[in-house]
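Analysis of the macromolecular model
Listed below are the residues making up each chain.
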Amino acid sequence: MKASVIYKNGSPDVLRYEDVPDPDCPDGHVLIDVEAISIEGGDLLARVGSPPPSVPHIVGYLAAGTVVRVGTGVKDRTVGDRIVTLNPAGSHASMRAVPAMSTWPIPDGLDAATAACVPVAFGTAQECLFTAGHLEAGQTALIHAGAGGVGMAAIQLAKHAGATVISTASSDEKLERLSELGLDHGINYARENFVQRARELTDGRGADVIIDSVGGQNLVDSIGALAYRGSLISVGLAGRAGSNIEARDLWEKNNTLRGVFLGGALRNEYPRVHSMIADLIGRVGNGEPRVVIDRTFPLAEAAAAHAHIESRQTIGRVVMTP
């Protein structure tokens, strides 16, 4: 099969398009012919900083396609099923084998590219807003990096739940595009102080739930934009480094700081989280919410696809097709 592989960590140009052996299909696994690959932030981080366990190594979390083989013991997947697959590696290829328990059926009428973009971005947004943030109708959500995958999902999910939605982005163009998804108020952080502007937009009250995938000082500053008993949600690998929060800064308004990692939730609460993702795929299949795809690249141009994401010019998801 064809795959985009790495032999070492580094910039996008370490990705090489090569022939590699077809994967086996062990017990409990399914093998798919890949139709579409969703590039996740974790794929870029793995390429940059996670030493390959062996070489050539195929990075990538998410791919969708058609089942061509079923391993012993698998009872709920059959050859010919269209599914989305999630695994820590192996998506950047024309074939992929994953544990059957890490797959979801694709509803009739939903294309593979759209389906592949749902589990991580929408699952993470759902966990941030509702499991960690307990967002309710009538409350306000502030979503940083709204033009990213989690951001675009969170804007739609929050709006559908009856919340007022505020989001930050780096340009007016991005904010204008986000308004099509239900954004109520946009903040261009390149020229506006988001804390001051968020408080203005909420008549001084602040946001009930803030999702921060930026980290660093942005996470620290977000405390100032919280409402009384508000929840600040830190998510994504970028948000784990460089943020020194003083606990007493949370005391005055009885605020909460929560961390969200979808992978940890899947490991520890598999039945709930797997079902939640299945529901989100079904909702996308019904047209609400929706996935916005910025560009589609051939798998042979994986280096260009990764570079495009790192340019920070994207508005929506970037996918690849074998």
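See above for the structure.
What counts as what
Residues numbered from 1 in each chain as written. Predicted model: local features only at pLDDT ≥ 70, side-chain atom pairs only at ≥ 80, totals over all residues. Heavy atoms only, no water. Axes fitted to C-alpha atoms, helices over the stretch in contact; angles between N-to-C directions. Helix = DSSP H or I, 4+ residues; strand = E, 2+ residues; numbered from the N terminus. Parallel < 35°, antiparallel > 145°, perpendicular 65-115°, else oblique. Left-handed = near helix turned anticlockwise from the far one by under 90°. Contact = heavy atoms within 4.5 Å. Nonpolar A, V, L, I, M, F, W, Y, C, P; charged D, E, K, R; others polar. Core = buried A, V, L, I, M, F, W, Y, C linked by side-chain atoms within 4.5 Å. Buried < 20%, exposed > 50% of the residue type's maximum accessible area, 1.4 Å probe, protein only. Salt bridge = Lys/Arg side-chain N within 4 Å of Asp/Glu carboxyl O.

Some remarks on the packing of helix 3 (residues 119-132) against helix 10 (residues 270-285)
The interhelical angle for the contact between helix 3 and helix 10, taken along N-to-C directions, is 115°, at an axis separation of 10 Å. One way to sum up the angle between helix 3 and helix 10 is to call them roughly perpendicular. By crossing handedness, the relation of helix 3 to helix 10 is classed as right-handed. The residues of helix 10 that touch helix 3, namely those facing Pro-119, Phe-122, Gly-123, Gln-126, Glu-127 and Thr-131, are Arg-272, Met-276, Ile-277, Leu-280, Ile-281 and Arg-283. When grouped by side-chain class, the residues that make up the contact of helix 3 with helix 10 number 6 nonpolar, 3 polar and 3 charged.

Observations concerning the nonpolar core
Core analysis: the largest hydrophobic core is formed by 55 residues, its most contacted members being Phe-122 and Leu-129. With 7 residues, the single largest contributor to this core is helix 3. Every residue in contact with Leu-129, bar those within four places of it in the chain, is listed here: His-134, Leu-135, Ala-141, Ala-154, Leu-157, Ala-158 and Ile-211. Core analysis: the second largest hydrophobic core is formed by 23 residues, Val-67, Ala-100, Leu-299 and Ala-302 among them.

Overview of the pattern of salt bridges
Tallied over the full model, the rule gives 12 salt bridges. A salt bridge links Glu-127 to Arg-272; the nearest nitrogen and oxygen atoms lie 2.8 Å apart. With Glu-127 in helix 3 and Arg-272 in helix 10, this pair connects stretches of sequence that are 145 residues apart. According to the relative accessible area criterion, Arg-272 is partly exposed, its value standing at 32%. It is possible to trace a salt-bridge network through shared partners that takes in Glu-127, Glu-269 and Arg-272.

Some details on unusual backbone geometry
Glycine aside, the phi torsion of most residues is negative, and most peptide linkages are trans. For the peptide bond that leads from Val-55 to Pro-56, omega is -5°, which places it in the cis range. Topologically, Pro-56 is positioned in the loop between helix 1 (41-49) and strand 4 (57-58). Residue Pro-289 follows Glu-288 across a cis peptide bond; omega there is 0°. The residue Pro-289 is located in the loop between helix 10 and strand 15 (293-298) in this model. Located in the positive-phi region is His-134, a residue other than glycine, with phi close to 50°. Mapped onto the elements, His-134 comes out in the loop between helix 3 and strand 9 (140-143). Phi is positive for Arg-312, which is not a glycine, with a value near 65°. Residue position: Arg-312 is located in the loop between helix 11 (302-310) and strand 16 (317-321).

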